[in-house]
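As a plain string of letters, each chain reads:
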Amino acid sequence: MAVVYQENMGLYEKLRILSDSAKYDVACTSSGVSRKGADSMVGNTAACGICHSFSADGRCISLLKILLTNECIYDCKYCVNRSSNDVVRTSFTPEEVCTLTMEFYRRNYIEGLFLSSGIRHSPNLTMEQMVKTLRLLRETYHFNGYIHCKAIPGAGEDLVEMAGWYADRMSVNLELVTAEGLKHLAPHKNRKNILMPMRKIQNGIDEGRQMLGACGGNKGMYWHTQRELSDRAGKEKQKSDAGLLGQEIRDSGGNLTFSKQGGALSFSPAQKGQRGFVPAGQSTQIIIGATPETDLEVMSVVEALYQRFDLKRVFYSAFVRVNDDANLPVLPGGPPLLREHRMYQADWLLRYYGFSAGEILTEERPNFNVLLDPKCNWAVGHLDMFPVEVNRADYFELLRVPGIGPKSAGRIVGARRSAVLGFDDLKKLGVVLKRALYFITCSGRMLYPTKIEEDYIVKHLVDALPGKLSEHHDPVTYRQMSLFDVGGLLDPGTGEGICC
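Residues numbered from 1 in each chain as written. Predicted model: local features only at pLDDT ≥ 70, side-chain atom pairs only at ≥ 80, totals over all residues. Heavy atoms only, no water.

Peer 1: Would you mind going over the overall build of the protein in detail, with residue names and values included?
Peer 2: Within the protein, the regular secondary structure consists of 16 helices and 14 strands. Counting all 500 residues of the protein, 53% fall into the buried class. Sequence separation of at least 24 residues holds for 70% of the intrachain contacts in the protein that already meet a minimum separation of 6. Carbon and sulfur atoms make up 51% of the accessible area of the protein, which totals about 22600 Å². (Helix = DSSP H or I, 4+ residues; strand = E, 2+ residues; numbered from the N terminus. Buried < 20%, exposed > 50% of the residue type's maximum accessible area, 1.4 Å probe, protein only. Contact = heavy atoms within 4.5 Å. Areas by Shrake-Rupley, 256 points an atom, 1.4 Å probe, with all protein chains shown as cover.)

Listed below in structure tokens is the structure:
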């Protein structure tokens, strides 16, 4: 094992190394939680915050994103910080992280902190240092801004819970979707150690919501969409609360704690529940292209994560070959950025549109179409369901139409209560007619005569794409965007830019 340690390293040099080591952790998330400023605290958060500066692929760049340490006892083949790599190793102290966060915040460089880490000596020791850092920030430096903290797989449940009381959002990186993939590329990790802290965080969020109300956490969009679909189908309404799991009491020091029967939470810090437990929810990250799973296999795992762990988000990271290792694939076209983009589009369909993984992809067609976004690809494969009459279709039927997103579908449902809608009205309501026109009618008429045939519609949809995505075109059409490019991901329902 070749490891280079450097003594007496300055804070700036540590920042250069540990911020560069953190760049492969995706953190393009808005804060998702609202918290007003307080006289005794520094900073605040807004639910739509952390959105002032985005890269062209949607990644947020206004967080201080660093590792606590790039030392690691694990030898994951895909990781630049793996134990066998000959790289300079260093670590921040908790006080150094606090100093950087507060000074950067006061200068308006950042709005929050994203703190991850390699595993130094043991998962418990590393998680303990992260908890100490968060506690110092909140209680000693009185930082009231946004904090996203990575939970360390294999760390004790009590440490994960302590971090949850100080962080706004937590995440545990799944990295690879199958146990075989983990065994092949990350032999020191296992699914149990990854899913255990996920379950702990989920249970804590649920219990905190019941005890503390909205500040105890919020449900992911997938949960809300599925509840609406369940109500629409006439099934028994899902209950958001399973009953109070415990009652609030005070310990001898006056701090808030809870008496529970088999609950997830065992203690609460001195803030007495002002922030709640992981109020912005939890997320995870998946590496795309490092192992040979199909897109259907990946999206099926993602759907199961949303169902079982109520994640706010799943992030996708195109595999970058940072290590020369025989176990890693050599991708001729470089990082699969277009595939990553399709994953984000399909993820949007799962969370906001009521699609299932088995609808977006099938065993016969287990991978995404290069030329079409997942929603258009689904629609041309189900032409028996079209055209849809916009003046009669319900909200979720409208969501199945390419070019109609959640906002425009809601506007249509509201506007047609007082008027019969035509195509000019749809355009004003935000419908992208260049895609929707093949799948809708207004008062029984289409925008102009067209064929309801797969080849005909696909040809016209592809011709309308900017740059006409084709494997025969210049490969530089797909490139890794700079952090300072302007733009965002495309909503598969509307084609408009979205933020995360």
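That shown, we press on.
Peer 1: Talk me through the packing of aromatic side chains; I want residue IDs and the actual numbers.
Peer 2: For the structure on display, the rule yields 11 aromatic pairs. With 5.4 Å between their ring centres and 75° between their planes, W165 and F277 make a pair best called edge-to-face. With W165 in helix α4 (residues 157–166) and F277 in the loop between β8 (256–260) and β9 (282–288), this residue pair connects regions lying 112 residues apart in the sequence. Judged by relative accessible area, W165 falls into the buried class, the value being 2%. Judged by its relative accessible area of 0%, F277 falls in the buried class. Measuring from centroid to centroid gives 5.1 Å for F355 and W378, while their planes differ by 85°, and the two rings are edge-to-face. Of this pair, F355 sits in the loop between α9 (337–352) and α10 (357–360) while W378 sits in helix α11 (residues 374–380), and the two are 23 residues apart along the sequence. (Phe/Tyr/Trp six-rings, centres within 6.5 Å; stacked < 30°, edge-to-face > 60°.)

Peer 1: Which residues make up the sheet that holds strand β5 (residues 146–150), and what values go with them?
Peer 2: Strands sit in the order β2-β4-β5-β6-β9-β10 across an open sheet of six strands; the sheet is parallel. Because the sheet does not close on itself, it has two edges, and the strands there are β2 (63–67) and β10 (313–318). Going from strand to strand, the sheet's axes swing by 20° on average, the running direction of each strand aside. Here β5 runs beside strand β6 (residues 169–171); their pairing, made up of three bridges, is parallel. Bridge pairing in β6 links C149 to M170. (Pairing = 2+ DSSP bridges. Axes fitted to C-alpha atoms, helices over the stretch in contact; angles between N-to-C directions.)

Peer 1: Summarise the packing of helix α1 (residues 11–21) against helix α2 (residues 94–106); cite the residues concerned and give the values.
Peer 2: Relative orientation of the contacting elements α1 and α2 amounts to 85°, with a least axis distance of 12 Å. Here α2 runs roughly perpendicular to α1, going by the angle between their axes. Residues L11, K14 and L15 of α1 touch α2, and the partners they reach there are E96, L100 and F104. The class makeup of the residues in the contact of α1 with α2 is four nonpolar, no polar and two charged. (Parallel < 35°, antiparallel > 145°, perpendicular 65-115°, else oblique. Nonpolar A, V, L, I, M, F, W, Y, C, P; charged D, E, K, R; others polar.)

Peer 1: If you had to explain the state of the cysteines to someone new, which residues and values would you point to?
Peer 2: Evaluated as defined, the whole model comprises zero disulfides. C76 carries a free sulfur, and the closest cysteine sulfur to it, the one in C79, is 6.1 Å from it. In this structure C76 comes out as buried when scored by relative accessible area, which is 6%. (Disulfide = S-S within 2.5 Å.)

Peer 1: Describe in detail the pairing of β5, supporting the description with residues and values.
Peer 2: Among the five residues that make up β5, five are buried, leaving the element largely enclosed by the rest of the structure. Residues Y146, H148 and K150 point to one face of β5 and I147 and C149 to the other, with burial holding for every one of them. Of the crossover connections in this fold, the one passing from β5 over α4 to the parallel β6 is right-handed. (Right-handed = clockwise from strand over helix to strand, strands pointing away.)

Peer 1: Break down α9 for me, with residues and values.
Peer 2: An ideal rise of 1.5 Å per residue puts 22 Å on 16 residues; α9 measures up with 23 Å between its terminal C-alpha atoms. Burial runs high along α9: 14 of the 16 residues are buried. Two residues or fewer after α9 comes G354, characterised by a positive phi angle close to 80°. (Expected span 1.5 Å × (residues − 1).)

Peer 1: Could you give an account of the side chain of E389, with specific residues and numbers?
Peer 2: With respect to the helices, strands and loops of the structure, E389 is situated in strand β11 (residues 388–389). Despite its burial, E389 pairs with no opposite charge, the nearest such side chain being R392 at 4.8 Å. Only 3.1 Å separates the side chain of E389 from the side chain of N391, close enough to count as a polar contact. Looking at E389, its side chain comes within polar contact range of the side chain of T441, at 2.8 Å. (Lys, Arg positive; Asp, Glu negative; His and termini not counted. Salt bridge = Lys/Arg side-chain N within 4 Å of Asp/Glu carboxyl O. Polar contact = N/O pair within 3.5 Å; in protein donor to acceptor, adjacent residues only side chain to side chain.)

Peer 1: Explain the environment of R321 residue by residue, including any values.
Peer 2: Its place among the elements puts R321 in the loop between β10 and α9. In this structure R321 touches L328, P329 and V330, once residues within four positions along its chain are discounted. Within the structure, the side chain of R321 is placed 3.2 Å from the side chain of D324, a separation counted as a polar contact. A polar side-chain atom of R321 sits 3.2 Å from the main-chain carbonyl oxygen of D325.

Peer 1: How would you explain the pattern of salt bridges if you had to name every residue and give the values?
Peer 2: One pass over the structure, following the stated rule, counts 20 salt bridges. Close ionic contact of R16 with E13 constitutes a salt bridge, the shortest N to O distance being 2.5 Å. Highlighted residues: R16 and E13, both in helix α1, separated by three residues, approximately one helical turn. R16 gets classed as partly exposed once you look at its relative accessible area, which sits at 46%. Of the residues examined, E13 reaches a relative accessible area of 26% and is grouped as partly exposed. A salt bridge links K14 to E96, with the shortest nitrogen-to-oxygen separation between them at 3.1 Å. In this pair, K14 sits in helix α1 while E96 sits in helix α2, placing the two residues 82 residues apart along the sequence. The exposure class of K14 is buried, given its relative accessible area of 11%. Its relative accessible area of 19% is what places E96 among the buried residues. Ionic contacts of the salt-bridge type, sharing partners, join the residues D206, R209, K219 and D310 into one network.

Purely spatial values, then, with no claim about function.
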